[in-house]
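Each chain, written out:
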Amino acid sequence: MKILIATDKPFAKIAVDGIRKEIENAGYELALLEKYTEKQQLLDAIADANAVIIRSDIIDAEVLAAAKQLKIVVRAGAGYDNVDLDAATQAGVCVMNTPGQNSNAVAELALGLAVYAVRNLYNGSSGTELLGKKLGIHAYGNVGRNVARIAKGFGMEVYAYDPFLTAEAIEKEGVKALSSAEELYSTCNMVSLHIPATAETKNSINYTLLNKLPKGGLLINTARKEVINEAELLQLFADRTDFKYVSDVMPSAHAELAEKYADRYFSTPKKMGAQTAEANINAGIAAAKQIVDFLKNGNEKFRVNNK
Ligand code: 3PG
């Protein structure tokens, strides 16, 4: 059995070593494709792989068609919008993610971006503090929970909106549950996005919603660029000189935003949220274990596509 790690953005070496140990201990062979620049390299590398570990790497119908021996794709991370689930189902390939494994890393970065924003992108001018401010968590999943925990350490008042959770489930963790996204944005000084990119959420963060943020409102996006309606984001930037946006998922309109609003807009050049040794080890080794358990025992616990 050949297990491929295909990562445009490589894991830390210590994580690759850990994955190799899991794979080789199971009697399988590990192949590594990192920092590839052409899709053809992935098509070639995956041709004889039985399993693949990926990050935000695109697994579309063309890749699946080239992967004649493939049985399983594990996205070492949370969001699997980069995998064509229907095409995988049609090809008889199981798709899994590794929920929760990199969520502390992403949450730490979200709060780091918040500090950077309220201190005026470290430009030397007098900023504000997080203490006593209201933070809204948009979707209270694994990352949202970690953001809440860290934000409480800053002395923030933490609110959350999650359409898939009851108020009781959120409030038992000392976070105030709100009943709509509109309420979250109008209540909080800043909102941290933790929604996945799905057909329902794409473009859902629009002008009307963002304009509910009070004066000095801040949006922190460590989720996906696709959830933002970028045309309306640009309009909001033009209309509200107090609005700030910090992102770990570079917008398509990055060049325009950086040129016009450099004093209140920032994006990391490459998604950094899950890029820590700890997150790489947690997600990478979980992915390797899930592959071994699937191939040896048929365990499909973390499967995300239909059969
Ligand atoms: C995730 O969905 O797990 C995060 O967005 C991290 O993505 P990455 O593995 O591409 O850094």
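Structure's up top.
We now turn to the structure provided with this report. From a predicted model like this one, the values you see are computed outputs, not experimental measurements.

Criteria and thresholds
Residues numbered from 1 in each chain as written. Predicted model: local features only at pLDDT ≥ 70, side-chain atom pairs only at ≥ 80, totals over all residues. Heavy atoms only, no water. Phe/Tyr/Trp six-rings, centres within 6.5 Å; stacked < 30°, edge-to-face > 60°. Buried < 20%, exposed > 50% of the residue type's maximum accessible area, 1.4 Å probe, protein only. Pairing = 2+ DSSP bridges. Helix = DSSP H or I, 4+ residues; strand = E, 2+ residues; numbered from the N terminus. Right-handed = clockwise from strand over helix to strand, strands pointing away.

## A few points about the packing of aromatic side chains
Moving on, step 1. With the rule as written, the count across this model stands at five aromatic pairs.
Moving on, step 2. Centroid distance Phe-237 to Phe-243: 5.1 Å. Interplanar angle 75°. Geometry classified as edge-to-face.
Moving on, step 3. The class for Phe-237 is buried, based on a relative accessible area of 0%.

## A closer look at the sheet that holds strand S9 (residues 190-193)
Moving on, step 1. Strands sit in the order S8-S7-S6-S9-S10-S11-S12 across an open sheet of seven strands; the sheet is parallel. Each end of this open sheet is capped by a strand with a single partner; those strands are strand S8 (176-177) and strand S12 (265-267).
Moving on, step 2. In this sheet, S12 lies alongside strand S11 (residues 244-247) in parallel orientation, the contact comprising three bridges. Among the inter-strand pairings, Val-246 is bridged to a residue of S12, identified as Phe-266.

## Remarks on the pairing of S11
Moving on, step 1. Burial along S11 is two-sided: Lys-244 and Val-246 facing one way and Tyr-245 and Ser-247 facing the other are all buried.
Moving on, step 2. The pairing of strand S10 (residues 218-221) with S11 spans four bridges and is classified as parallel. Paired with Leu-218 across the two strands is Lys-244, which belongs to S11.
Moving on, step 3. After leaving S10, the chain enters helix H10 (residues 230-239) and then returns to the sheet as S11, a path that is right-handed.
Moving on, step 4. The handedness of the S11 to S12 crossover, carried by helix H11 (residues 254-260), is right-handed.

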